[in-house]
Amino acid sequence: MTDGTPAQFFDGLTAGRHEVRVALSDDRQALQIAGDSLPEPLRWPLADLRALSDTSDASRLTLTRHMHTDDEAPRDPARLVIHDPELIAWLHRTRPGLFRRDLHKGTLPKLAKWAAGSVAAVLLMLFVILPAMADTLARIIPIEREVAFGQSVTRQMERFLGGKRVGALVCDNPEGKAALNKMLTRLTDSREMNYEISLQVFDHRMVNAFAAPGGQVVILRGLLDKARSAEEVAGVLAHELAHVENRDATRNTLRAAGSAGLLTMVLGDFTGGAAVAIIGEQVLSASYTREAEATADEFALTMLENANVDASGFARFFEELEKMEGKSAGLPGYLSTHPVTRERAARAEAFAAGQSGTRPILTPEEWKALKAICD
Amino acid sequence: MSLTTTFAGRRLPLLWLAFRTGLYSVLTLGLYRFWQKTRLRRWYWSAIRPGGLPLDYVGDPFEKLLGFLIAVVILAFYIGVVNLALMFVSFSLFQGNYAAYLLSFIGVIPVWFYARYRARRYILARTRWRGLRFGLAPGAWGYAFRALLYWALTILSAGLLWPLMTFQLEKYRTNRTWFGDRRFTQGGRWLMLYRSTVWLWATLVPMVLTLIAIGMGDIVSIIVLSAATGLTAIYGLVYYRVDSLRRLTATKQFGNVTLTLNARPLRVLWITLSGNLIAGLGASIPALFMLGLFLQLQSTETLVQLGLENAPQLLRDPATWLLLALTAMSYFAIFLVWGALRHAFVTLPIWRHYAEALVIDSAEDLDQLRQRPRDETTQAEGFAEALDVGASL
């Protein structure tokens, strides 16, 4: 056995290295591997040859065989290492399946089964278990804790809006505050509230209002500037009070804590995965928001009705927003947290049409004072 | 007979491989990362050649994906419920949400050590040399328990028992590591690692001098001395890592075979600093580009308020659309360039240095070793993947 090109062979059973010679068999269908340390020459059919891919050094080729084994891939654990450039080039040229990936039978069905299982598990968590748990837990949280948390959220929000210190943005013109309180009392008089409402105006040009956990309601000055009547503000306020009573903020925080952890896990550590996780969480909360908004609208309308406040102000506010939506250049704040749809405006309008015996919520002087609360 | 180790692999092909596979990972929303990891490992393994014979990585991307899916099913319930419950507790007991983040971090630590051991077991089970498998015996929970114990001791002793932790954890791993049908054993004593802490102690000198300078109020000396403290501390950490590894390697036994690692701390420090600097400079190009786009995207307020409800209106404007797409692309480009450059200028040179520093002594009886049975490790490194353990290679 002196013909053929020299190579190294590892049999996959011992660590011993066999110096062998490799040649094409007489029928040109297989590689013939022979060496003094091998008990008998080996025959590797060309059709079964596979090479290791993604190696760092093109001047050597490591061959193995396609074979039914219980290994990770259906391959012979034996390895044949070739250095002869001619043989390597010849193999590359004539064996198109050299780098083919082979899978065990049943790999893909098994994968599909687990993929379906994990998608189901994640969806079940995101859309059933976490919302249900958040619902339950939001109800049993002690109210004073919720209030404390809500206050810290409001403080964070103030800093986020550019307040240099706590209370820097709070508007406290006494006449304005009196008008605001009158509005609040009128709205909440007719029903028992679970929370004591803490209502503030922040001096910021954004057209928005929000409800933090535990009865913390904040209106931004931009909304007062934009509103043409006190009834418009009253509508928005009633809507935020609905969020308070429904504990939407608390529930959302709890749910988001669970789902954010879950999304981060699913995306693992691939580059830039964090951004995708954040966007995913946004999509999720948007779907919850829509539902919560509709409920809050109904609640607000009932509240306006009971307080004998004209709901057409609320409707007009929606229309106003829709106009702003048209020229989307500078995105108005209220839109992003409160999706406006034509249906919502129409619903408020229809409701207002059925109202009778309404009286103004503020006198013109009080309304003027409220608009000037930040001066 | 002594075997030296060579490293056969150059930066450019690796850079290209890392960039290409990273790009595929982004384009497939992370799905390709199992393939990326496999391909990069194949490349590194084939470059490391003890006695001139390359290692062989036989891990399969499909088994990694399967392991990940299994981990997701198990962890989906655990992580979701635990995070929510912790947020509730933190709500009810403390005023804020920070306690919840802290607690959820602490709750995941044992699983984290568990996952690390599992990942190591998987990698060793898929590594071959001269046709034989490596292996790590099961024992992940035992490892997690010990890791917690020794970490607690280290923290309670203000770091004085750090060498004890290093030694005991290395011993636990080494005594469960196999090549073929033979097991490694870790010899030596934990006290020998105190020699490796010498440069950490040396940090005390500039630190004390800095304090004196602060007392005297001399600004220039404060700056110079605190810089000296920082540099000595960094070198101290690198020195501890490299030197303790050197000592632990020299006291490992594999039958009659012994190992020597001639790695040099200064070299490792230089590679780490210069390599990260290059990667940082490279990544700053897309980062600056993104910053420019950011300023283009109207005010920052717009971005903050960019809820998804507004996406339809925004996307009607083709210019905004283009701007958003470019911003997203440069965002991912930052990570891609950073990752690929780090492979070429940090991981590769460090591995090359460690590989070339490894000598295998009395290697004669390696020929007698026989194959070990396959370790299925169905979950592959799924837990590590899901928990982002950071054992990227």
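Residues numbered from 1 in each chain as written. Chains lettered and ligands numbered in written order. Predicted model: local features only at pLDDT ≥ 70, side-chain atom pairs only at ≥ 80, totals over all residues.

1. As for the overall build of chain B
At step 1: Check the secondary structure of chain B and you find 14 helices and eleven strands.
At step 2: Within chain B, the proportion of its 393 residues that are buried is 38%.
At step 3: In chain B, the share of contacts with a sequence separation of at least 24, taken over all contacts with a separation of at least 6, comes to 73%. (Helix = DSSP H or I, 4+ residues; strand = E, 2+ residues; numbered from the N terminus. Buried ≥ 20, exposed ≤ 12 C-beta atoms within 10 Å, placed from the backbone. Contact = placed C-beta atoms within 7 Å.)

2. Let's talk about the overall build of chain A
At step 1: Along chain A, the regular secondary structure elements total twelve helices and ten strands.
At step 2: Residue burial in chain A is summarised as follows: out of 375 residues, 40% are buried.
At step 3: The contacts of chain A with a sequence gap of at least 6 include a subset with a gap of at least 24, amounting to 60%.

3. Examining the sheet that holds strand β4 (residues 127–129) of chain B
Residues and elements named next belong to chain B.
At step 1: Read across the sheet, five strands follow the order β3-β4-β5-β6-β7 without closing on themselves; strand pairing throughout is antiparallel. The open sheet has two edge strands with one neighbour each: β3 (55–57) and β7 (182–183).
At step 2: Here β3 runs beside β4; their pairing, made up of three bridges, is antiparallel. By the bridge assignment, Y57 is partnered in β4 with T127.
At step 3: Packed on one face of the sheet, helix α2 (residues 33–47) meets β3 and β4 and runs near 170 degrees to β3. (Pairing = 2+ DSSP bridges. Axes fitted to C-alpha atoms, helices over the stretch in contact; angles between N-to-C directions.)

4. Examining helix α5 (residues 140–156) of chain B
Given 3.6 residues per turn, any residue in an α-helix points the same way as the ones three and four places further on.
All names here are of chain B.
At step 1: Between its first and last C-alpha atoms α5 spans 24 Å; for 17 residues at 1.5 Å apiece the expected length is 24 Å, and the two agree.
At step 2: If you check which residues of α5 are buried, you get Y143, A144 and A147. All buried residues of α5 fall inside an arc of 100 degrees around its axis, so they share one side. With respect to the buried face of α5, the exposed residues turned more than 90 degrees away are W141, A152 and L156.
At step 3: At the exit of α5 stands A158, carrying a positive phi of roughly 55 degrees. (Expected span 1.5 Å × (residues − 1). Arc of directions from axis to C-beta.)

5. Some details on the nonpolar core
At step 1: Among the nonpolar cores identified, the biggest contains 89 residues, and A:V122, A:L254, A:L262, B:V72, B:A76, B:L84 and B:V337 are the most heavily contacted of them.
At step 2: Listed in part, the 55 residues of the second largest apolar core include A:M183, A:V218, A:L220 and A:F318. (Core = buried A, V, L, I, M, F, W, Y, C linked by C-beta atoms within 7 Å.)

6. Examining the packing of helix α4 (residues 174–188) of chain A against helix α6 (residues 230–245) of chain A
Residues and elements named next belong to chain A.
At step 1: Packing of α4 against α6 brings their axes to within 10 Å, and their N-to-C directions diverge by 60 degrees. Taken together, α4 and α6 sit at an angle that is classed as oblique. Remark: the crossing between α4 and α6 carries right-handed chirality. Together, M183, L184, L187 and T188 of α4 and A230, A234, L237, A238 and L241 of α6 make up the contact between the two elements.
At step 2: Looking at the contact of α4 with α6 residue by residue, the classes come out as eight nonpolar, one polar and no charged. (Parallel < 35°, antiparallel > 145°, perpendicular 65-115°, else oblique. Left-handed = near helix turned anticlockwise from the far one by under 90°. Nonpolar A, V, L, I, M, F, W, Y, C, P; charged D, E, K, R; others polar.)

7. Here we look at unusual backbone geometry
At step 1: Even without being glycine, A:N308 reaches a positive phi, approximately 60 degrees.
At step 2: Assignment of secondary structure puts A:N308 in the loop between α8 (273–306) and α9 (312–326).
At step 3: The phi dihedral of B:R130 falls on the positive side, at around 55 degrees, and the residue is not glycine.
At step 4: You can see B:R130 is positioned in the loop between β4 and β5 (132–136).

8. Some details on the sheet that holds strand β4 (residues 42–45) of chain A
Residues and elements named next belong to chain A.
At step 1: Spatially, β4-β3-β2-β1-β7-β6-β5 is the arrangement adopted by the seven strands of the open sheet, whose pairing is antiparallel. Edge positions in the open sheet fall to β4 and β5 (49–51), since each of these has one partner strand only. Going from strand to strand, the sheet's axes swing by 35 degrees on average, the running direction of each strand aside.

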